[in-house]
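# A structural walkthrough
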Amino acid sequence: MVTTSHYLILGSALFGIGVLGFLMKRNVIVLLMCVELMINGAGVSFVALCRQTGSLEGQVFVLFAMVIAAVEIAVGLSLILLIFRNRATLDVDKLEVLKW
Amino acid sequence: MELIQFYIVAAITISSAVSVIMQGRVMYSILSLIVTLLSVAWIYAILNASFLAVVQVILYAGAIVVLFVFAVMMLRYEEIEPQRMRTGLIGCLGLLVALFFIFELILSSATGPFVEEATLSADFGSIKSVGAILYTQYLVPLELASILLLVAVVGAALFSKRG
């Protein structure tokens, strides 16, 4: 018997792997991919709870989250291209102009 | 049967997600990300969200991953510097924080008090029912989302032109 808890644990694990990668990796592109993992983990939890309660609001939320993710990736990748053109690196440790 | 299917899809999802953050090359990470996104679409299909499963395949595994691939192809990043994980004190600290976070999340979602499971109608999560709620109750957020997409496209074009 698969309960809602199973899916919530799966979503939490996906989110946690995203957090882990976000803290451990240095490449900006991979950091964006880890954000995608986190969004998907939250989405799995949303859809699981949405089936549990029988209301469709959770699925609408996941749909909007997908739109936000697409927007974020479009702007983020163009910013990354710009940074790479000016600084010739994507290592977040080397992008320290704003650090004091 | 349902349990076996769940464990198969969970194993694929988790292992490909771990592979995303363990790969040394960006392109391999992107390929692992495709597997993760498709298996999340499978989970949506299991959870009576057929419309979301289709959108996940089209929007995520289609559009967003193609954007990633384009970015990596335009950078030719692989030749310039290999990828490293964090090491040393900061790396250990990050690992510790993330593992604590995972542990806490899993603990709280395993023991939460839930409302009892609702009985679902036959067309729960179909394109008709989701569209009905999307175009009545959530009409204003939908229009705002479309404006947001437009602004993002214009902004991305502007950034890449100015560089």
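It should be noted that the structure appears before, not after, this text.
Before going into details, it helps to say that this report is about the structure given with it. (Residues numbered from 1 in each chain as written. Chains lettered and ligands numbered in written order. Predicted model: local features only at pLDDT ≥ 70, side-chain atom pairs only at ≥ 80, totals over all residues. Heavy atoms only, no water.)

### A word on a nonpolar patch on the surface
Taken together, the side chains of Tyr135, Leu139, Val140, Leu144, Ile147 and Val151 of chain B present a nonpolar region at the surface, about 600 Å² in accessible area. Its relative accessible area of 52% is what places Val151 of chain B among the exposed residues. (Patch = residues over 30% accessible without salt bridge, like charges linked within 9 Å, V, L, I, M, F, W, Y side chains within 5 Å. Areas by Shrake-Rupley, 256 points an atom, 1.4 Å probe, with all protein chains shown as cover. Salt bridge = Lys/Arg side-chain N within 4 Å of Asp/Glu carboxyl O. Buried < 20%, exposed > 50% of the residue type's maximum accessible area, 1.4 Å probe, protein only.)

### Things to note about empty space enclosed by the protein
In the structure shown here, the tally under the stated rule is one cavity of 30 Å³ or more. There is about 40 Å³ of room inside the largest cavity. Listed by contribution, the elements that provide at least two residues to the lining of the largest cavity are helix H2 (28-53) and helix H3 (57-87) of chain A together with helix H3 (50-75) of chain B. Tallied by class, the residues present in the lining of the largest cavity amount to six nonpolar, three polar and no charged. (1 Å grid on protein atoms, 1.4 Å probe; cavity = no way out; pocket = protein on both sides within 12 Å on 5 of 7 lines; lining within 4 Å. Points joined across faces, edges and corners; volume = space filled by probe spheres on them. Helix = DSSP H or I, 4+ residues; strand = E, 2+ residues; numbered from the N terminus. Nonpolar A, V, L, I, M, F, W, Y, C, P; charged D, E, K, R; others polar.)

### So, the layout of surface pockets
Considering only enclosed or pocket space, the largest pocket measures out at about 290 Å³ in volume. When contributions to the lining of the largest pocket are tallied by element, the ones reaching two or more residues are H3 of chain A together with H3 and helix H6 (139-162) of chain B. It is H3 of chain B that provides the largest number of residues to the lining of the largest pocket, a total of seven residues. The class makeup of the residues in the lining of the largest pocket is 17 nonpolar, two polar and no charged. Taken domain by domain, the makeup of the lining of the largest pocket includes at least three residues from each of domain 1 (1-109) and domain 2 (123-163) of chain B. For the second largest pocket, the lining is made up of 15 residues, of which Leu63 and Val67 of chain A together with Phe51, Leu134 and Leu142 of chain B are closest to its centre. Taken together, the elements giving at least two residues each to the lining of the second largest pocket come down to H3 of chain A together with H3, helix H5 (127-134) and H6 of chain B. (Domains from an automatic or database assignment.)

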